[in-house]
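# What the coordinates show
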Amino acid sequence: MVHSPTSTIVIAASSQEELLRGELSNTADVATTAKIGQILAERLKLKEIPAVAFELERGERYHGKQKTLVDSLRDSGVKLI
């Protein structure tokens, strides 16, 4: 997650993190993306960030892993603006 006004990274999560590698059987599937969304939501709550904005690049469709990530954030209580 990037803070737009300052262009700094606020939080990050990746399937390549050592703590997650043991938990995940496949790091390229939709279930992994949902888990990453939950982790991002937890980290946002720790930083007391209640809402985020989600933007698609021009021509991108809202489906697959992108949709799973956003749905996971929303289900974890993060507001999307």
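A brief look at the structure comes next. (Residues numbered from 1 in each chain as written. Predicted model: local features only at pLDDT ≥ 70, side-chain atom pairs only at ≥ 80, totals over all residues. Heavy atoms only, no water.)

## Overview of the packing of aromatic side chains
Under the counting rule described, the total for this entry stands at 1 aromatic pair. Judged by centre distance (6.3 Å) and plane angle (65°), the ring pair of Phe54 and Tyr62 falls under edge-to-face. Judged by relative accessible area, which is 35%, Phe54 ranks as partly exposed. What makes Tyr62 partly exposed here is its relative accessible area of 36%. (Phe/Tyr/Trp six-rings, centres within 6.5 Å; stacked < 30°, edge-to-face > 60°. Buried < 20%, exposed > 50% of the residue type's maximum accessible area, 1.4 Å probe, protein only.)

## Considering the layout of surface pockets
In this model, the largest pocket occupies a volume close to 470 Å³. Along the wall of the largest pocket there are 19 residues; nearest its centre are Met1, Val2, His3, Val52 and Ala53. Among the secondary structure elements, those contributing two or more residues to the lining of the largest pocket are β1 (2–3), α2 (30–46), β3 (51–52) and α3 (64–75). For the lining of the largest pocket, the element with the most residues is α3, which contributes 3 residues. Among the residues forming the lining of the largest pocket, the class breakdown is 16 nonpolar, 2 polar and 1 charged. (1 Å grid on protein atoms, 1.4 Å probe; cavity = no way out; pocket = protein on both sides within 12 Å on 5 of 7 lines; lining within 4 Å. Points joined across faces, edges and corners; volume = space filled by probe spheres on them. Helix = DSSP H or I, 4+ residues; strand = E, 2+ residues; numbered from the N terminus. Nonpolar A, V, L, I, M, F, W, Y, C, P; charged D, E, K, R; others polar.)

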